[in-house]
Amino acid sequence: METRIEKNIDHAIKLLKTNQVVAIPTETVYGLAGNALHPETILKIYEVKQRPRFDPLIVHTDQLQKMEKFVEYIPDIIYKLAESFSPGPLTFVLPKTAAIPDLVTSGLASVAVRIPDHSKTLELLSQLDFPLAAPSANLFGQISPTKAKHVFHQLQNKIPLIIDGGECRVGIESTIVRYKNNQLEVLRLGGTTIDQLKRICKDIAVVTEQSEQIHAPGQLKSHYATRTPMIVGDIPQLLEQYKQKDCAVLSFSKSYTSGKKQIILSEKAELSEAAKKLFNAMHVLDSLQADIILTEEFPPVGLGLAINDRLRRASYREY
Ligand code: TXA
Ligand code: MG
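Residues numbered from 1 in each chain as written. Chains lettered and ligands numbered in written order. Predicted model: local features only at pLDDT ≥ 70, side-chain atom pairs only at ≥ 80, totals over all residues. Heavy atoms only, no water.

## Side note on the sheet that holds strand S13 (residues 247–251)
Now for step 1: What the 4 strands build is an open sheet, ordered S12-S15-S13-S14; its pairing is parallel. Looking at which strands have only one partner, the edges of the open sheet turn out to be strand S12 (230–232) and strand S14 (262–264). Strand-to-strand, the axes of this sheet are offset by a mean angle of 15°, without reference to chain direction.
Now for step 2: In terms of strand pairing, S13 meets strand S15 (residues 292–295) through 4 bridges, oriented parallel. Among the inter-strand pairings, Leu250 is bridged to a residue of S15, identified as Thr295.
Now for step 3: Each of S12, S13, S14 and S15 touches helix H9 (residues 271–286); the most contacted strand, S13, lies at about 175° to it.
Now for step 4: Contacts from helix H10 (residues 303–315) reach S12, S13 and S15, with the element oriented near 130° to S12. (Pairing = 2+ DSSP bridges. Helix = DSSP H or I, 4+ residues; strand = E, 2+ residues; numbered from the N terminus. Axes fitted to C-alpha atoms, helices over the stretch in contact; angles between N-to-C directions. Contact = heavy atoms within 4.5 Å.)

## A word on empty space enclosed by the protein
Now for step 1: The final tally for this structure, using the stated rule, is 1 cavity of 30 Å³ or more.
Now for step 2: Size it by volume and the largest cavity reaches roughly 50 Å³.
Now for step 3: What lines the largest cavity is Thr175, Leu189, Gly190, Thr192, Thr193, Ile194, Gly302, Leu303, Leu305 and Ala306.
Now for step 4: At 3 residues, the largest contribution of residues to the lining of the largest cavity is made by H10.
Now for step 5: Taken together, the residues that form the lining of the largest cavity break down as 5 nonpolar, 5 polar and no charged. (1 Å grid on protein atoms, 1.4 Å probe; cavity = no way out; pocket = protein on both sides within 12 Å on 5 of 7 lines; lining within 4 Å. Points joined across faces, edges and corners; volume = space filled by probe spheres on them. Nonpolar A, V, L, I, M, F, W, Y, C, P; charged D, E, K, R; others polar.)

## Section: the confidence of the model for the protein chain
Now for step 1: Taken as a whole, the protein chain shows an average pLDDT of 94; of its residues, 95% reach a score of 70 or greater.
Now for step 2: Every residue in residues 210–215 scores below 50 in pLDDT, and together they form 12 contacts with partners more than four places removed in sequence or on other chains. (pLDDT = per-residue confidence, 0-100.)

## Let's talk about the pairing of strand S9 (residues 175–180)
For a regular strand, the rule is simple: side chains alternate between the two faces of the sheet.
Now for step 1: Pairing between strand S5 (residues 90–95) and S9: 4 bridges, direction parallel. Counted as the bridge partner of Thr91 is Ile176 from S9.
Now for step 2: Pairing of S9 with strand S10 (residues 183–188), which is carried by 5 bridges, proceeds in the antiparallel orientation. Within the sheet, the bridge partner assigned to Val177 lies in S10 and is Val186.
Now for step 3: Two successive antiparallel strands, S9 and S10, enclose a turn made up of 2 residues, where Asn181 displays a positive phi of approximately 45°.

Here's what the structure looks like:
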């Protein structure tokens, strides 16, 4: 199957209406989208992505009201958060109704929903009478795509179409929250920061650490992985330790080597710029055939928390 890359959404609408899967741009990362109400299409998504079925998908809509028939209820606090942050990088986990196929949620009683902030995808969703299930458009376990060409490299010949919406503005996946026992819980750190959420809801628990078994089965330890092994630590010390090796370097704001295989994510030391460029930098460094990629902990505040989470997962290796 030849994979086309198009800026226009008309062809995508036709394909999605006939239960095909299409890569779509969002503000976070590109998604691999299909009709969320059609089990065979959902199976196709899992198959193309080579994703295990125990890892549930996020359902995308352009208006929270449209989800009312697919969820049991929407707590007031979720409406309030949506008012402030949707469209945007925030996903809500809500109790699902039977209208959402069990395949979408991997058998969980809840469904994850978000309104992505990208004009092309919002236009697309407004023209469909069903929501779109979409995981990130990478192969399972690999780096998430923030450009159409990243999707093409991983999924060419497996899907008919990629909508090119340019480089993703946020660059890391959405923050996932749910409301449980009168408390807002953060299940995945992402593009909406805890500080932003706290402006709307004071009492927040971050439960991402235990999430692997219980809350978000997709929060696997080894994820977003580069093929080149990646090590997080003190870069100068690591450069000394691995001086016999061909090292690539991924740093926040400082330059650590005169070698060519270095990417500085934000010379101005801005976390939002670093987040936006992170996955592309991982794609690029991974293609340089270095022995290892050395990187560092980012400041553990704001988007730095979500970046550190991605780096930790990318560097995790089961020995
Ligand atoms: O920014 C994003 O969220 C991107 C774009 C494409 O929207 N999507 C994305 O999807 O990151 P994906 O499939 O890579 O990650 C979805 C994660 C799952 O791995 C799982 O951890 C969590 O969402 N999830 C989905 N349904 C859930 C549920 N019912 N309860 C808890 N976690 C859920
Ligand atoms: Mg993903």
